[in-house]
Amino acid sequence: MLIKELKDQHIFFDNGAAGAYWLMKQINKLNTPYHFNIDKTMFDHKIYNSQAWNLMKNNPEYLQQHLGLMHGYTGILMAYK
């Protein structure tokens, strides 16, 4: 359901799939009754098939504008670490 709610461009840490994935991983590390069954392949598919990811590969100017932690590709990499 979460993956369907995220729009195509919402892949970054501050507004999309990478941030949701990271947050769910962190919650799973806590000693709480809450646990997420995370399907990493769904997140991978959402990110790698997005228009934003394609722009990063094909448009150096777009890539340069989206290198940051919160709204950029660095945040995606951090979320998957």
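Basis of the calculations
- Residues numbered from 1 in each chain as written.
- Predicted model: local features only at pLDDT ≥ 70, side-chain atom pairs only at ≥ 80, totals over all residues.
- Heavy atoms only, no water.
- Helix = DSSP H or I, 4+ residues; strand = E, 2+ residues; numbered from the N terminus.
- Rg over C-alpha atoms; globule rule 2.2 N^0.38 Å.
- Buried < 20%, exposed > 50% of the residue type's maximum accessible area, 1.4 Å probe, protein only.
- Contact = heavy atoms within 4.5 Å.
- Areas by Shrake-Rupley, 256 points an atom, 1.4 Å probe, with all protein chains shown as cover.
- Axes fitted to C-alpha atoms, helices over the stretch in contact; angles between N-to-C directions.
- Parallel < 35°, antiparallel > 145°, perpendicular 65-115°, else oblique.
- Left-handed = near helix turned anticlockwise from the far one by under 90°.
- Nonpolar A, V, L, I, M, F, W, Y, C, P; charged D, E, K, R; others polar.

A. Examining the overall build of the protein chain more closely. On a plain count of helices and strands, the protein chain comes out with 6 helices and 0 strands. Taken against the 2.2 N^0.38 rule, which gives 12 Å for 81 residues, the C-alpha radius of gyration of the protein chain at 13 Å falls within 12% of a compact globule. Viewed in the frame of its principal axes, the protein chain has a C-alpha envelope of about 45 × 20 × 15 Å. Burial status across the protein chain gives 35% buried among its 81 residues. When contacts within the protein chain are restricted to residue pairs at least 6 apart in sequence, long-range pairs at least 24 apart make up 55% of them. Counting every atom, the protein chain has about 5600 Å² of accessible surface; 59% of that belongs to carbon and sulfur.

B. The packing of helix 2 (residues 17-29) against helix 3 (residues 40-48), seen in detail. Orientation of helix 2 relative to helix 3, taken along the N-to-C sense of each, is 160 degrees, at an axis distance of 10 Å. With respect to helix 3, the element helix 2 is oriented roughly antiparallel. When you trace helix 2 past helix 3, the crossing you get is left-handed. Facing Ala17, Ala18, Ala20, Tyr21 and Met24 of helix 2, the residues of helix 3 in contact are Lys40, Phe43, Lys46 and Ile47. Each residue belonging to the contact of helix 2 with helix 3 can be placed in one class, and the counts come to 7 nonpolar, no polar and 2 charged.

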